[in-house]
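Descriptive structure summary
Single-letter residue listing:
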Amino acid sequence: MKTTNRRRFLASTMATIGLPALETFAGNIKPTAKPKTFVAIGSFFGWYRKEFYPKEVGKNYTIPKIIMPIAKHRDDFTIFSGLDHRAKNGHFGWVNFLCGKNLGDYSLDQRIADQVGQKSRFPSLQLAVGGVENEGGSIGGKTSFTKQKIPLPMMRRPSVLYSQLFVSESDKERAEYILRSGKSSLDYVLDDAKHLQRNVSKADRIKLDEYFHSIRSVEKRLNQKIASVHDAIAQTDYRLPDSGSDPISSSMMMEAAPLMYDLMALAIQTESAPVMSLMLNGLGAVFTIDDVPLKVGYHSLSHHGNKPEMIRDLLKIECELMKHFNHFLTDLKEKKDAQGNPLLDSTVVLLGTGMGDASRHANDNLPTLVAGGGFDHGSHVSLDPNEYLLGDLYITLMNKMGVKANSFSNASRSLNEIFV
Amino acid sequence: MIRNIPLACVLILTLCLAFQSAPAESAVPNEKTLGVHPQETLNKYCVECHDAKVKKGGLDLDSKLNDWDSPTNLKLWEKVLPVVLDGSMPPAKKLQPSDTERKMLAKWLDSSLRENTSFGGTLARRLSKEEYRNTIRSLFDLPEYQIPLGFPDDSIRHGFDNTGEGLIMSPTLLAGYLKVANQVADELIPLKKKAEESSIRVLKPDDMVANYAAAAMYHNALRFASSGRQIMRSCSWPKQMTVTSSGIYKLTVRASSFLPRSRNLMPKEPMLLELRARDLAVGEREMIHRFRLLKTISVSSESPKDVSFEAELYEGETILVYWNNSPLRYGGGNNKDLGKQVRKRFEKDKRFLAAWQKVVLENSHDPKEGTLFNYGDLRGMSGWEQFKKAFQDENLDMSHATMDSVQTKKLIALFVSQGNVLGEAFAYDYYEKGPALDLHEIRVEGPLRSVDGPKDKEVKERQRLLFGGPNEVPSKEERITNLLGNLLPRLFRKPVESRTIEVYLKMATEHWSMGHSYESGLHLLIRSILISPRFLYRSLNDGPMDDYDLAARLSYFLTQAPPDKILVDLARRGRLSAARPSKSDPTKMEYWVLRREAKRLIPTSPSARLVQSFTSQWLGTKQLGSIMPDPVFNFTADDLDLAKREVEYFFTEMLKANHPMTDFIDPDFTFTTPAFAKKIYQVENDKTKAKKDSGNKFQKITLARDGRYGGLLGMSAVMTTTANGVDTQPVLRGVWVLENILGMPVPPPPDDIPALTPDTRAAKTPRELLAAHTKEKSCMSCHRKIDPLGFVLEHFDPVGRWRDKWPDSETIIDASATLQDGTKVTDVIELKRWMLINIDLFSRCLAVKLIIYATGREPSYIEVKEIEDLVKSNRENKHGFQDLFVDLILSETFRSK
């Protein structure tokens with residue numbers, strides 16, 4: 001199995017974007033300090049902390065093994081150690097990544113999306129690579145939760161994401177007609193549905209509330225779409241590899257991840273989605289890296305029990321994942337926005353996890369990294385868990401994105417004094 | 001041999017039997033009937049640890065006996081009852097109640113639970129993804145309909161994707177449904193395309209495809225030299241012309257014959273050029289005769305002549321050009337015709353024969369007939385050039401150029417076996433010297449008039465079925481009211497009130513009043529109906545299930561699709577739930593219509609949706625597609641497929657032939673290919689050895705009972721899905737057996753697991769490794785139930801093959817285990833024997849899963865009791881799986897909302 005495809009690499013960096021509308025307004029918009037996009041990348045099995053955290057604090061630290069692939073960007077990211085959500089230990093800890101202390105709470109990405117995303121084509125996009133489709137369990141592999149604690153489905157197929165971002169509706173008139181007529185017919189559908197709701201059992205009525213809540217949201221989106229139907233939709237000459245099917249099986253994670261990163265970078269460039277999350281799953285995956293098949297699956301490797309040869313193979317995987325991340329950061333630095341600034345400056349990138357030590361299922365001290373967004377980077381910031389929580393960092397990230405918030409889950413302090 | 005059946009095991013069985021035979025008490029039992037109030041028993045033995053303060057295991061039992069209305073309370077007592085029964089509580093070190101005390105408490109709890117739990121409770125649920133797809137297919141007559149890729153999957157609860165709890169609605173989902181609704185509406189009522197204006201398209205020879213040397217360019221004409229059976233190698237078609245509007249077109253073809261040499265080679269008839277229509281979706285290996293013939297043109301002049309004709313061409317088609325009666329025929333599998341033609345040519349010209357001998361035979365590397373042929377050099381023009389060189393060579397070896405020589409025989413045989421390649425070279429003789437057919441131009445004019453293509457006709461027919469024929473009723477409103485009166489009950493799967501019809505009628509009339517067409521109104525109606533909760537949800541009802549809901553439940557359970565006409569008719573007449581006193585026991589009611597319909601719809605084929613959907617979720621074979629076993633196991637993608645099919649065929653056979661439940665554990669058959677059976681199960685049947693090439697025939701394979709293989713445990717698919725393709729995981733397998741075979745699910749690990757750093761340096765085998773991790777008491781309480789079952793199965797490698805030793809070691813696997821009731825077993829054979837003795841455990845487990853799948857809810861206490869009764873009587877009456885299956889459908893549990 002090939003892990004990096006040079007042709008695809010070239011294709012993505014050279015992909016051009018057509019953005020008629022934005023270009024013409026370039027001169028009239030004042031550059032703002034507020035970042036335009038928030039991206040959260042989560043690793044299911046976490047990162048091997050000994051090779052993630054530098055030994056030294058502050059700037060000028062020695063680059064640890066896992067950070068090597070992104071070393072050239074060291075002035076554009078900050079590593080945080082010592083932070084966690086104080087969440088329960090155990091397998092499900094990884095879900096807490098964006099939720100905080102409690103599983104299934106209103107997640108960071110949705111909080112941001114609800115505040116800043118309502119006018120965009122896609123307020124938020126939830127993506128995932130690896131893992132198994134339709135994973136079971138009470139949470140079912142989801143990491144983003146709405147205010148009502150509903151888990152949001154994740155896109156695993158690059159082709160679907162591509163078609164959402166770039167296929168333009170050629171017949172705008174028809175599109176507008178469908179939207180308008182669809183919206184006005186909703187009133188009738190709702191009228192009949194409300195009548196139905198009055199005549200069903202109490203338990204059914206509660207179930208129907210889910211429907212009503214959803215349809216109100218759909219109605220809002222229809223209004224937005226009607227308002228924006230004549231806006232230019234982005235075009236691109238980036239093409240997905242022509243293999244005919246999406247790499248969605250768990251062991252094809254290494255093929256899928258670069259594609260997702262490419263598409264996210266293009267989405268950022270076209271300002272299609274202000275909030276995105278990408279879950280690097282790993283259940284059921286057995287990898288071949290640099291043409292050497294690993295003897296044991298990713299999951300098993302994450303339970304290394306401190307055996308050196310297991311750790312060595314685990315690091316191979318984690319470095320490979322970091323290589324994809326490196327390409328993403330490079331992409332965001334090379335691509336420029338309408339004012340000529342690198343996209344990375346106006347994109348807050350959070351790389352983290354909810355699993356502190358997968359080998360012991362311990363969820364303290366979560367390895368976290370923040371890149372871009374106009375923050376002052378370059379350091380390893382080591383914090384005292386008795387003073388700060390990971391949620392404090394999240395409050396700072398929210399504030400940076402223009403979300404007025406002074407608490408997140410169990411945190412209420414923020415890192416605004418330390419990290420600007 | 002089963003040893004050491006302890007007292008507890010016997011106790012459980014007697015207690016269970018006692019409960020099942022005791023009639024439900026009409027009054028709540030009290031201290032008078034029991035002799036001592038159950039609260040006293042609890043206070044004496046339980047409350048010390050399980051009160052509000054200490055709350056061991058999070059359980060507070062103090063004074064909770066009074067409130068039987070709270071569902072949380074009921075769940076609590078449901079959890080308490082089994083541990084009272086099986087003696088695991090109080091813990092061995094603590095004061096134990098006497099047998100009578102234990103029995104009384106359990107009996108009291110059982111009666112109270114029976115009294116206070118009820119039948120029914122399925123939450124209203126939306127159609128699952130698969131049900132939605134099948135509903136669209138069935139109700140809209142769109143048999144090929146697929147939900148687009150990327151539509152969110154359903155969540156899994158209680159092991160299945162169709163439970164009420166799991167089928168939630170979210171904004172993203174509803175937005176997805178809206179999009180899908182638009183697509184379905186587009187499919188049913190396609191946008192009327194503006195009539196295309198007539199235009200002329202001129203196709204020159206270089207606009208035509210000339211691959212595989214079917215034709216070649218010669219002097220500005222496209223020259224055909226051969227014909228064949230497939231369109232590749234014998235046809236040409238335009239490179240870039242697709243009909244976009246079905247209609248009548250005028251075609252003008254300019255062609256001529258090329259006949260420079262003597263007429264001996266010519267067929268007696270004129271050349272026949274065929275024009276056919278080709279649907280571009282159909283591939284190039286298809287046979288010519290599959291394509292619709294438009295016209296046959298007779299070509300006899302050596303100077304170009306035009307022939308015009310009119311023909312119908314449909315959207316998505318292009319034109320095929322084919323020389324029907326060429327003397328040279330090759331291409332496709334069998335090139336006997338080519339053999340005949342070359343023989344004729346060889347007979348007439350020795351030098352010709354000798355030159356081909358040199359070119360072809362010299363390139364054959366292997367003395368064996370027709371094998372190892374370096375044809376790369378001989379294809380097309382390249383082979384022809386070599387032939388010409390040989391032909392012109394003065395020193396050409398002519399010694400074998402007789403018709404009876406070995407070389408000639410071999411040469412002709414090669415032309416037959418390698419005809420696809422050699423024919424391409426040989427054709428150049430005809431290109432250069434004829435006979436050949438020259439195509440100079442094709443002119444396509446049109447569409448002169450529109451016609452309905454096959455797709456248009458399909459759409460119209462479907463519209464007629466759904467919406468009624470045109471002009472049957474004068475006014476638009478009347479037409480729509482009739483239409484809605486037929487359509488809405490169909491799509492909503494039950495009768496609708498006139499109020500509902502009026503709402504949709506108003507929607508349509510408002511739309512028309514804005515100036516939109518009748519069809520647009522229909523389109524809007526479809527889009528809206530498909531996002532109404534009446535369409536998206538099942539069992540939305542006030543009160544008990546009516547016949548329509550029962551029909552829907554039966555149909556979606558057995559076919560994953562909405563009720564067919566027979567069921568709908570029975571529901572309409574209120575006949576589906578018809579009951580009469582049973583002949584054998586007049587106090588019991590028999591739901592004979594429901595029984596008849598259940599038997600009618602029971603799946604009988606392994607490809608049936610119920611079999612696929614249920615088994616893949618119950619046994620986890622759904623994951624098989626994403627597991628890629630390490631190559632060291634020699635388990636290919638084909639093997640994965642066979643493993644999955646084995647499960648499906650096995651399950652279907654169990655159901656169809658009504659095998660006893662014990663055959664799930666220890667049958668005398670399975671289904672696979674003899675090759676697979678030998679490779680994975682080390683099983684060889686004599687009769688398969690006899691016939692050669694039957695090694696890959698999928699069939700019923702006989703197995704010996706009481707062996708390693710046979711039954712669900714040890715089935716390759718199950719073993720593969722409970723491993724990860726690289727190594728086995730005893731905990732995973734143990735949990736799987738507990739959940740899916742024994743019906744004793746384990747709770748998830750507790751929240752407060754400390755971070756583990758056990759000392760595993762001494763651990764050599766997985767057994768030792770696991771033991772090191774589970775020494776902690778709180779871990780042991782569950783792991784002593786899980787791990788043993790996993791270890792018994794350790795002999796099966798990650799794809800289900802038997803192994804004697806642990807991988808990478810010389811240690812023989814120790815598959816012994818002590819089961820929960822104290823029974824000691826040494827391997828899977830003994831485990832199976834234990835399961836046969838306790839077969840009710842398995843039957844109950846499978847029955848509960850079927851009920852969850854069928855009703856979309858977990859059964860309540862009293863419902864489980866009903867299931868247990870059915871399981872018991874199934875065994876006592878020596879009935880089979882189909883009997884149990886039908887009994888479950890007739891149960892009160894199934895018939896309650």
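Anything mentioned here points back to the structure above.
No experiment lies behind these values; they were computed from the predicted model shown. (Residues numbered from 1 in each chain as written. Chains lettered and ligands numbered in written order. Predicted model: local features only at pLDDT ≥ 70, side-chain atom pairs only at ≥ 80, totals over all residues. Heavy atoms only, no water.)

1. Considering the overall build of chain B
How we decide: The secondary structure listing takes helices from DSSP runs of H or I that are at least 4 residues long and strands from runs of E that are at least 2 residues long, numbered from the N terminus. The buried label goes to any residue with under 20% of its type's maximum accessible area, the exposed label to any with over 50%, and the partly exposed label to all in between, with areas taken from a 1.4 Å probe on protein chains only. The protein chains shown are the only cover counted for residues, whose accessible areas, like all others here, come from Shrake-Rupley with a 1.4 Å probe.
In terms of helices and strands, chain B carries 33 helices and 18 strands. Residues counted as buried form 53% of the 897 residues belonging to chain B. Of the accessible surface of chain B, which amounts to about 41,600 Å², a share of 53% is contributed by carbon and sulfur atoms.

2. Re the pattern of salt bridges
Quick reminder of the rule: Just to be clear on terms, a salt bridge is a Lys or Arg side-chain nitrogen sitting within 4 Å of an Asp or Glu carboxyl oxygen.
Evaluated as defined, the whole model comprises 58 salt bridges over all chains. Here Arg499 of chain B makes a salt bridge to Asp191 of chain A, at a shortest N to O gap of 3.1 Å. One end of the pair, Arg499 of chain B, is in helix H15 (residues 498-513); the other, Asp191 of chain A, is in helix H6 (residues 172-198), on a second chain. Between Asp154 of chain B and Arg126 of chain B there is a salt bridge; the shortest N-O distance is 3.1 Å. Of this pair, Asp154 of chain B sits in the loop between helix H6 (129-140) and helix H7 (171-188) while Arg126 of chain B sits in strand S1 (residues 125-126), and the two are 28 residues apart along the sequence. Across the pair, exposure class does not vary: Asp154 of chain B and Arg126 of chain B are buried alike.

3. Quick word on the interface of chain A and chain B
How we decide: Two residues form a contact once any of their heavy atoms are found within 4.5 Å. Within 3.5 Å is the distance limit for a polar contact, defined as a pair of N or O atoms, with the added protein rule that one can donate a hydrogen and the other accept it, and that residues adjacent in sequence qualify only through two side-chain atoms. Charged residues are taken to be Asp, Glu, Lys and Arg, nonpolar residues to be Ala, Val, Leu, Ile, Met, Phe, Trp, Tyr, Cys and Pro, and polar residues to be all remaining types, Gly included.
Tallying the contact residues gives 54 residues for chain A and 64 residues for chain B. Applying the counting rule to chain A against chain B returns three salt bridges. Asp192 of chain A is the partner of Arg534 of chain B in a salt bridge, and the nearest nitrogen-oxygen pair spans 2.8 Å. At the junction of chain A with chain B, the criterion picks out 16 residue pairs in polar contact (both at pLDDT 80 or more). Listing elements by their share of the side of chain A that touches chain B, those giving two or more residues are helix H5 (158-166), H6 and helix H7 (202-228) of chain A. For the side of chain A that touches chain B, the per-class residue count stands at 23 nonpolar, 20 polar and eleven charged.

4. Quick word on the packing of H7 of chain B against helix H16 (residues 518-529) of chain B
All names here are of chain B. Here is the rule: To get an axis, a line is fitted to the C-alpha atoms, and for a helix only the part in contact is used. The angle between two axes follows their N-to-C directions and goes from 0 to 180 degrees. For any pair of crossing helices, the crossing counts as left-handed if the nearer helix is rotated counterclockwise from the farther one by less than a right angle, and right-handed if it is rotated clockwise.
Where H7 meets H16, the closest approach of the two axes is 8 Å, and the angle between their N-to-C directions is 145°. For the pair H7 and H16, the crossing hand works out as right-handed. Of the residues in H16, those in contact with Ala181, Asn182, Ala185, Asp186 and Leu188 of H7 are His523, Ile526 and Arg527. Split by residue class, the contact of H7 with H16 holds four nonpolar, two polar and two charged.

5. Details of helix H23 (residues 674-681) of chain B
All names here are of chain B. How we decide: Each direction from the helix axis to a C-beta atom contributes to the arc, which is the arc of those directions.
Considered for burial, the residues of H23 that qualify are Pro674, Phe676, Ala677, Ile680 and Tyr681. Down the axis of H23, the sector holding all buried residues measures 160°, keeping them to one side. Just beyond H23, the residue with positive phi is Gln682, at close to 50°.

6. Re the sheet that holds strand S8 (residues 292-299) of chain B
Remark on secondary structure: sheet strands pair via backbone hydrogen bonds, oriented parallel or antiparallel. Convention followed: Any two strands between which DSSP finds at least two bridges are classified as paired.
Taken in spatial order, the four strands make up an open sheet running S5-S10-S7-S8 (chain B), and their pairing is antiparallel. Two strands lie at the open edges of the sheet, namely strand S5 (235-236) and S8 of chain B, each paired on one side alone.

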